[in-house]
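The primary structure of each chain is shown beneath.
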Amino acid sequence: MTDAHVTTEGPQSNRAARGIVFLTVFIDLLGFGMVLPLLPIYADQFVVDEAGWLIGLLMASFSAMQFIFAPLWGRLSDRIGRRPVLMIGLLGSVIFYTLFGVATIAQSLTLLFISRIGAGIAGATISTAQAYIADTTTLAERPKGMALIGMAFGLGFTFGPLFGYLAVPSGTGDPGPAPGFAAAGLSLVALLLAYFKLPESRSGDSPSAAKQNLSVSGLRDSLSIPSIALLLTTLFVVVFSFANFETTLSMLLKGREGQEQPFSFTFGQVCLTYAYIGFTLALVQGGIVRRIAGKVSEGILASVGCILMAVGMVLILKATQDQSVGLLLGSLAIVVSGFGFMMPSLNSFISRRSDPDKQGGILGIGQSVNSLARIIGSGLGIPLLKLNIVAPFAISAVIMGVGLLLVIVASRSGKDFTANES
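Residues numbered from 1 in each chain as written. Predicted model: local features only at pLDDT ≥ 70, side-chain atom pairs only at ≥ 80, totals over all residues. Heavy atoms only, no water.

Looking at an unreviewed UniProt entry, one finds the chain named Tetracycline resistance protein, class C, with Bremerella alba as its source organism. Under the heading Subcellular location (unreviewed entry), UniProt records this for the chain: "Membrane". (UniProt positions renumbered as here; feature names shortened; annotations may be inferred.)

Below is the structure:
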């Protein structure tokens, strides 16, 4: 049978199905990458929010909805299948990115909130895409399969802002609704691709996609090993700092009439800067970290990442003071390189320190810590920026110093689980 509704069979069809999942996730994330750099700038134009809490809540709403709805989508996909859940998510992206475009025409913060909350709910189906990969791979193939989702994320964050650059007019004027409508169009392409080409993957022996955000047993297992507790705290610090940085950067670059404007980038230049960040991250993780992982210990890689992030944040302060675009671009590369070193190293470090029988629960706690740090970092970044234009970066530099200490202590205070057993 060739109908798109049947379960995949055979290695060739499984590889083709994984390729379709990769394309649908990638195309959908292009839309996300288009909107992210512009969202806080729009919101700042639409409302008088001197303290920044409303805009901070707007920025946090997407990640908060993903945190809440990812387990719900997973459970639903266990009941009705992966394909329909992925298509519901893509349809939601079409609707809510269109609403983002409408919100920019109406200059309505309320509509922006609705569009971001809806896009966060729709985007939470990424966990279902991961379940699809699990359905169509053996245990030996699964790491490579899951890497496809990571690659889709990286490429989406790199090329999405480039598409955003093409969607905004040249010059300094308001870019209007075009980026939102273009993002909706990309999600529509992904939806059509899924409808016509994506087969169902769930079968009777498929692993469950239902996962808890914060399980009591996983938390207990995590806290019972001191080094893992330290590493989870480090993970929170790193993701909080990067979310703080990522959320506030576009407002630092663009500035606002009547306020301090060290750079005064155009909308197009803001998009290109985010594309530069995505490209740098992909280059570091794919070209450097991947080659040296396994040859250099996770503790050393994570320590280097902490140092790079802290140094990069300090250099952002200097670039802002000097109004130096060249120094700013150099400092952004250093921050992103540090983050590229940190994330895979910390996740691997946590895995090595975990009892294999309890590893799933501990890694689940790590994912929850990651999500909570992103929510809080996104929510606090704008209020800190409103308080002082360099406050988010200064605070991130300080807490990355704390992160370095935590990594050093964790490296010296414990051993890999297998070493403890032996």
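*Asks:* A description of the packing of helix H2 (residues 39-46) against helix H5 (residues 109-123) should follow, citing residues and the corresponding values.
*Replies:* The interhelical angle for the contact between H2 and H5, taken along N-to-C directions, is 155°, at an axis separation of 9 Å. Viewed along their axes, H2 and H5 adopt a mutual orientation that is roughly antiparallel. Taking contact as the criterion, the partners of Leu39, Tyr42, Ala43 and Phe46 in H2 are, on H5, Leu109, Leu112 and Arg116. Tallied by class, the residues present in the contact of H2 with H5 amount to 6 nonpolar, no polar and 1 charged. (Axes fitted to C-alpha atoms, helices over the stretch in contact; angles between N-to-C directions. Helix = DSSP H or I, 4+ residues; strand = E, 2+ residues; numbered from the N terminus. Parallel < 35°, antiparallel > 145°, perpendicular 65-115°, else oblique. Contact = heavy atoms within 4.5 Å. Nonpolar A, V, L, I, M, F, W, Y, C, P; charged D, E, K, R; others polar.)

*Asks:* Go over unusual backbone geometry with me, naming the residues and quoting the values.
*Replies:* Positioned with a positive phi, Gln107 is a non-glycine residue whose angle comes to about 50°. With respect to the element layout, Gln107 can be found in the loop between helix H4 (82-106) and H5. A relative accessible area of 46% means that Gln107 is categorised as partly exposed. Notably, Gln323 is not glycine yet its phi reads approximately 55°, a positive angle. Of note, Gln323 is situated in the loop between helix H12 (298-322) and helix H13 (325-352). (Buried < 20%, exposed > 50% of the residue type's maximum accessible area, 1.4 Å probe, protein only.)

*Asks:* Give a detailed account of the side chain of Thr104, specifying residues and quantitative values.
*Replies:* Note that Thr104 resides in helix H4. Under the relative-accessibility criterion, Thr104 is labelled buried at 5%. Here Thr104 is in contact with Tyr42, Phe46, Gly176 and Pro177, once residues within four sequence places are set aside.

*Asks:* Before we move on, could you go through the side chain of Asp135 and cite the residues and values that matter?
*Replies:* Looking at the element boundaries, Asp135 is found in helix H6 (residues 126-135). Polar side-chain contacts of Asp135 include one of 2.8 Å to the side chain of Arg82. Once residues lying within four places of it in the same chain are set aside, the contact partners of Asp135 are Arg82, Ser201, Arg202, Ser206 and Pro207. (Polar contact = N/O pair within 3.5 Å; in protein donor to acceptor, adjacent residues only side chain to side chain.)

*Asks:* I'd like a description of the packing of helix H10 (residues 226-254) against H12, backed by residues and values.
*Replies:* In the contact formed by H10 and H12, the axes pass within 12 Å of each other and the chain directions differ by 20°. Compared by their axis directions, H10 and H12 come out roughly parallel. The chirality of how H10 crosses H12 is left-handed. On H12, the residues touching Val238, Ser241, Phe242, Phe245 and Leu252 of H10 are Met309, Met313, Ile316 and Thr320. (Left-handed = near helix turned anticlockwise from the far one by under 90°.)

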